[in-house]
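Below are the chains, spelled out letter by letter.
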Amino acid sequence: MFKAGLAYQKEAMVNWDPVDCTVLANEQVDDSGRAERSGALVEQKSLKQWFFRITDYAEDLHSTLPSLDWPANVKQLQTKWIGRSEGFELDVDFVTEESQTSLVKLSVRTDSPYSALNASFLAIGYDHPLVTGGYIPPNRASEVRSWIDSSVSNPAFDGSISGTFTGLWAINPITSAKIPVFIADYISSDRGPDEADFGVPSCDQRARALADFMSSTCPILDLERMASDEEVARFTQQAEEQNVGRKKTFPVPVPHEQLPVLLRDPVTAYKKGRFREAEVCKCPSCGREDAHRETDTMDTFVDSAWYWLRYCDPKNSTEYVEITPFGVLLQCLALISALSHSRIVDRETASSLLPVDLYIGGVEHSIKHLFYARFLGKVLTDQGIVDLPNGEPFKKLLTQGMVQARSYREPDTGRYLKKDEIDRSDPNHPKIIKTGVEAVASWEKMSKSKFNGVDPLEIIERHGVDATRLYILFKAAPQDELPWDDRAVVGMERWLARTHKLVVEHVERGQNVVMAKGDGEERELRFMLHSTIQEVTTAMTSTFGFHVAISALMKLTNHMMDVSPHILSTPTYAESITTVVQLLAPFSPCVAAEMWEVLGRGGSVFTAPWPEASAEALVRDEMVCAIMVNGKTRGTVNIPVTRGKDAAEVERLARESEVGKEWLVDHDTGESLKAKRVIVAREGRMISFVLEGAGKSKL
């Protein structure tokens, strides 16, 4: 990646934990500005950081997203994160008020010709090279630094916009106009430290707000001027002719034979300020004896972005760069060296197994781990390490939801409270034991820092492992949030007990199967059985709606409990008992294995052939027709499927049914009530009677 120009260093503002002496991600800083782990007040610090030039793959990452079988919300998050835009890049000279000699020429990007031609000022971020490179005039340096410190320490959350004048002026390369350069708090460092915006107050609300804020301290050009079409056309032609290439230099990669590199007590050395002294080495390129090891690390989301490759070739020791227990620190350097000197996996082996058919992960990884994995997949494909279609590593993505539980906080400070600090005798009004004040309760993701975690061993001890597993799978769809409720687990425990009882009673009755008359009740049971097989199979192989599968099993067992006694000795009932145990096995393996043994089937339920739904069993001879009288549903009647389109036959069957005899007959005369209108809908699944008079029916 070094040689390909995809890894580089530059200064950037970071979240710094002064206690742990480490850089924190935004997600590791709580709402009060403290480090999630150490509790220290997080500082903003400018440090030299490693970056991947992901922008070189922005178009590719964007264009192949639609081909992935991923949730729409994840695709949308990645699309926004990529932030694809097309526009122009201009080389702009910067001068001071005192001198018109260019101090520096820097690149400024713009999406629209109108922005460049009509700009009244140029807005930059506080970590722009003009600021960090020492170009601020001495007479403005103190005030600029004071504003930056104040803005970083006390960011505005009310939507207000502020800024400060740098003392620099930008020369528009197309119009030659000299416009002031402001540092604006709305230019986010997340966009990159070299980002800048041409400010057009007449078209941009933020630019107008900044212009109003700065107007008293710095003169601003005509805010209402708009470029003509001829100027725009001339600008476009000139911009396309500019050469915007930049030459970059990179550090020297660690040679393959020197990996892994073991650091010498890095944390202690860093805290004592002797980090660079501790990692002096000989440069593998020029031979200098006073070179320094690179000791920065990548975020763990990057470290984990290529682990999936190793599953393809886990025992390959000749083409894989070994990683030590200290490897989290050096994984990315090892990967970079691997790309230069060897292979992570055998290409043919990986190509036969990749891309990954199904990847399961949290939605919180959408623009971190999953994004980096896509980037590295494309890089590795271009480098010839692997052969992935479109460079995409994961075909299908399932994002599981988070388990949530009730958390409690002090109303004044927002401090999270431990469970033993709360009186929960009244669940709707939990009180802080020490003060008697009602705590603020909310549903949040389980977290150690929020003290709302649940010890699974306690739940398993109380209800059993299978009941606990079933509750988790049944409570919500895999991609949805799961609000945890200890009291609800017992419902699954009871259902398992009822199902176990069905199996035991079936065995105790003896397995003398008697051929039934083939009546409607047995046909209904067979239909439900094979419908359940179909639903569970679909859930297991494509939709992953395990809650739907478990619900279908519950409906089937409930139906089996209510069948007439003569059905209990039919082949269909015996088949249902065996099949329920098989379908339950993936969700409740322990209880299912025990029931399989009770049935005396021999072998293991997990090696038995998976049940297959019968297409013939899924075709019903009858269907249910709802009977409505004067707009109200009064009951149902079963009618032959083949007669559903015969309106006269449907009406006859409805009138002759028990529902028809009760609601469509004059009880004084015994004659059928006349209808002003009869409507048969949904191919016989509903019939509606609008009667002329009620007579003495039950209307």
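Since this is a predicted model, take the numbers as computed values, not measurements.

Engineer: Please set out the overall build of the chain residue by residue, giving values where relevant.
Structural biologist: Looking only at helices and strands, the chain has 22 helices and 22 strands in total. For the chain, with 699 residues in total, the buried portion stands at 42%. For the chain, the proportion of contacts with a sequence separation of at least 24, taken over those separated by at least 6, is 66%. Carbon and sulfur atoms make up 51% of the accessible area of the chain, which totals about 37,400 Å².

Engineer: Just give me the short version of the packing of aromatic side chains, but keep the residues and values in it.
Structural biologist: Taken as a whole, this structure holds 12 aromatic pairs when the rule is applied. Taken together, a centroid distance of 6.4 Å and an interplanar angle of 70° make the contact between F544 and F546 edge-to-face. Each residue in the set F121, F165, W169 and F182 is aromatic and connected to the rest through ring pairs, giving one cluster. Taking the ring centre of W169 as reference, the NZ or CZ of K178 above it sits at 5.2 Å. A cation over an aromatic ring shows up here: R634 above the ring of W663, its NZ or CZ 4.1 Å from the ring centre.

Engineer: Give me the lowdown on helix 19 (residues 571-584), citing residues and values where you can.
Structural biologist: Its 14 residues give helix 19 an end-to-end C-alpha distance of 20 Å, which sits within 8% of 20 Å, the value for a rise of 1.5 Å per residue. In terms of burial, helix 19 is a largely internal element, 12 of the 14 residues being buried. All of the buried residues along helix 19 are T572, Y573, A574, S576, I577, T578, T579, V580, V581, Q582, L583 and L584. Looking at the buried positions of helix 19, the neighbouring elements they touch are helix 15 (465-475), helix 16 (489-508), helix 17 (520-543), helix 18 (546-561) and helix 20 (589-599).

Engineer: Summarise the sheet that holds strand 6 (residues 121-124); cite the residues concerned and give the values.
Structural biologist: In space, the 6 strands of this open sheet follow the order 5-4-7-8-6-9, with mixed pairing throughout. The sheet is open, and its two borders are formed by strand 5 (104-110) and strand 9 (196-199), each paired with just one other strand. Put simply, the sheet's adjacent strands are angled 40° from each other on average, direction ignored. Of the strand pairs in this sheet, strand 4 (residues 88-96) and strand 5 are connected by 7 bridges, and their pairing is antiparallel.

Engineer: Explain unusual backbone geometry to me, and be specific about the residues and the numbers.
Structural biologist: Of the consecutive residues L354 and P355, the connecting peptide bond is found in the cis state with omega at 0°. Residues other than glycine seldom take positive phi values, yet E683 does so here, at roughly 55°. Inspection of the secondary structure assignment puts E683 in the loop between strand 21 (675-681) and strand 22 (686-691).

Engineer: Could you give me a rundown of the pairing of strand 9, with the residues and numbers involved?
Structural biologist: Residue alternation in strand 9 divides its side chains into two sets, A196 and F198 and D197 and G199, and both sets are buried. Note: strand 6 against strand 9, 4 bridges, orientation antiparallel. Within the sheet, the bridge partner assigned to F121 lies in strand 9 and is G199.

Engineer: How would you summarise the confidence of the model for the chain if you had to cite specific residues and measurements?
Structural biologist: Here the chain averages 80 in pLDDT, and 80% of its residues register 70 or above. Predicted confidence is poor over residues 237-250, with pLDDT under 50, and the contacts of this stretch with residues over four places away or in other chains come to 16 contacts. With pLDDT under 50 throughout, residues 320-342 is counted as low confidence; its partners more than four residues away or in other chains account for 54 contacts.

Engineer: I'd love a proper account of the pattern of salt bridges, names of residues and values included.
Structural biologist: Under the criterion given, the structure shown has 23 salt bridges. The salt bridge involving K378 is made with D60; its shortest N-O contact spans 3.4 Å. Here the residue K378 occupies a position in helix 13 (residues 369-382), and D60 occupies one in helix 1 (residues 58-63), the gap between them amounting to 318 residues. Overall, the relative accessible area of 30% leaves D60 in the partly exposed class. Linking R655 and E651 is a salt bridge whose minimum nitrogen-to-oxygen distance equals 3.2 Å. One end of the pair, R655, and the other, E651, are both in helix 21 (residues 647-656), 4 residues apart, so they sit about a helical turn from each other. Overall, R655 belongs to the buried group, its relative accessible area being 19%. Accessibility expressed as a relative area gives 24% for E651, which makes it partly exposed. Connected through shared salt-bridge partners, R643, D646, E649, R652 and E656 make up one network.

Engineer: Tell me about the sheet that holds strand 20 (residues 632-640), and name the residues and values.
Structural biologist: On the basis of which strands lie adjacent, the open sheet formed by 4 strands has the order 20-19-22-21 and mixed pairing. In this open sheet, the two edge strands, each paired with only one partner strand, are strand 20 and strand 21. The average undirected angle you get between the axes of adjacent strands in this sheet is 20°. Set on the sheet, helix 21 makes contact with strand 19 (622-629), strand 20, strand 21 and strand 22; between it and strand 22 the angle comes to about 75°.

Engineer: Quick one: what's the story with the environment of V503, residue by residue and with numbers?
Structural biologist: Looking at the secondary structure, you find V503 in helix 16. Residue V503 is classed as buried on the basis of its relative accessible area, which comes to 2%. For V503 and T578, which are 75 residues apart along the polypeptide, the C-alpha to C-alpha distance reads 8.5 Å. If we skip the residues at most four places from it in the chain, V503 touches I577, V581, M595, V598 and L599.

Engineer: Residues and numbers for a nonpolar patch on the surface, please.
Structural biologist: A cluster of nonpolar side chains, L457, I460 and V465, forms an exposed patch at the surface whose accessible area comes to about 240 Å². Position of L457 among the secondary structure elements: in helix 14 (residues 456-463). Since its relative accessible area comes to 61%, L457 is described here as exposed.

Engineer: Summarise the pairing of strand 8 (residues 178-184); cite the residues concerned and give the values.
Structural biologist: Burial analysis of strand 8 places 6 of its 7 residues in the buried class, which makes it a mostly covered element. Note that strand 6 and strand 8 share 3 bridges and pair parallel. Residue pairing across strands places A123 opposite F182, the latter belonging to strand 8. The turn joining strand 7 (residues 163-171) and strand 8, which pair antiparallel and follow one another in sequence, is formed by 6 residues; a positive phi near 65° is taken by S176.

Engineer: I'd like a description of the side chain of S588, backed by residues and values.
Structural biologist: Of note, S588 is situated in the loop between helix 19 and helix 20. Residues contacting S588, with those up to four places away along its chain left out, are D466, L470 and L496.

Engineer: How would you sum up the packing of helix 16 against helix 19? Please name residues and give values.
Structural biologist: Interaxial distance between helix 16 and helix 19 falls to 11 Å at its minimum, and their mutual angle equals 140°. Accordingly, the angle class assigned to the pair helix 16 and helix 19 is oblique. Helix-helix and strand crossings are classified by hand; for helix 16 and helix 19 the assignment is left-handed. Across the interface between the two elements, W495, L496, T499, L502, V503 and H506 of helix 16 pack against Y573, A574, I577, V580, V581 and L584 of helix 19. When its residues are assigned to classes, the contact of helix 16 with helix 19 shows 10 nonpolar, 2 polar and no charged.

Definitions and limits used
Numbering of residues starts from 1 in every chain and runs along the sequence as written. For a predicted model such as this one, the threshold for reporting local features is a pLDDT of at least 70, and the threshold for listing and counting side-chain atom pairs is 80 or more; totals across whole chains, interfaces and linings nevertheless cover every residue. Side-chain numbers here rest on the full set of heavy atoms in the structure, without hydrogens or water. The secondary structure listing takes helices from DSSP runs of H or I that are at least 4 residues long and strands from runs of E that are at least 2 residues long, numbered from the N terminus. Burial here depends on accessible area, computed with a 1.4 Å probe over protein chains only, as a share of the maximum for the residue type. Under 20% is buried, over 50% is exposed, and the range in between is partly exposed. Between two residues, a contact is recorded if the distance between any of their heavy atoms is within 4.5 Å. Surface exposure here means Shrake-Rupley accessible area, sampled with a 1.4 Å probe, where a residue is shielded only by the protein chains that are shown. Note on aromatic pairs: the rings of Phe, Tyr and Trp (six-membered ring only in Trp) are paired at centre separations within 6.5 Å, and the planes decide the class, stacked below 30 degrees, edge-to-face beyond 60, tilted for the rest. Comment: the charge-over-ring label is applied if NZ (Lys) or CZ (Arg) is within 6 Å of the ring centre and within 35 degrees of the ring normal. Expected span, for any helix, means 1.5 Å times one less than how many residues it has. Paired strands, in this sense, are two strands between which DSSP finds at least two bridges. Lines fitted to the C-alpha atoms define the axes, with helices restricted to the stretch that makes contact. Angles between their N-to-C directions range from 0 to 180 degrees. Confidence scores per residue from the predictor, reported as pLDDT, run from 0 to 100. Salt bridges are identified by distance alone: a Lys or Arg side-chain nitrogen within 4 Å of an Asp or Glu carboxyl oxygen. Residues enter patches when they are more than 30% accessible in relative terms and free of salt bridges; like-charged ones are connected within 9 Å and nonpolar ones (Val, Leu, Ile, Met, Phe, Trp, Tyr) within 5 Å. Orientation is classified from the angle alone, with under 35 degrees giving roughly parallel, over 145 giving roughly antiparallel, 65 to 115 giving roughly perpendicular, and any other angle giving oblique. By convention the crossing between two helices is left-handed if the near helix lies anticlockwise of the far one by an angle smaller than a right angle, and right-handed if it lies clockwise. Note that Gly is not counted as nonpolar here; it falls among the polar residues with everything else outside the nonpolar set of Ala, Val, Leu, Ile, Met, Phe, Trp, Tyr, Cys and Pro and the charged set of Asp, Glu, Lys and Arg.

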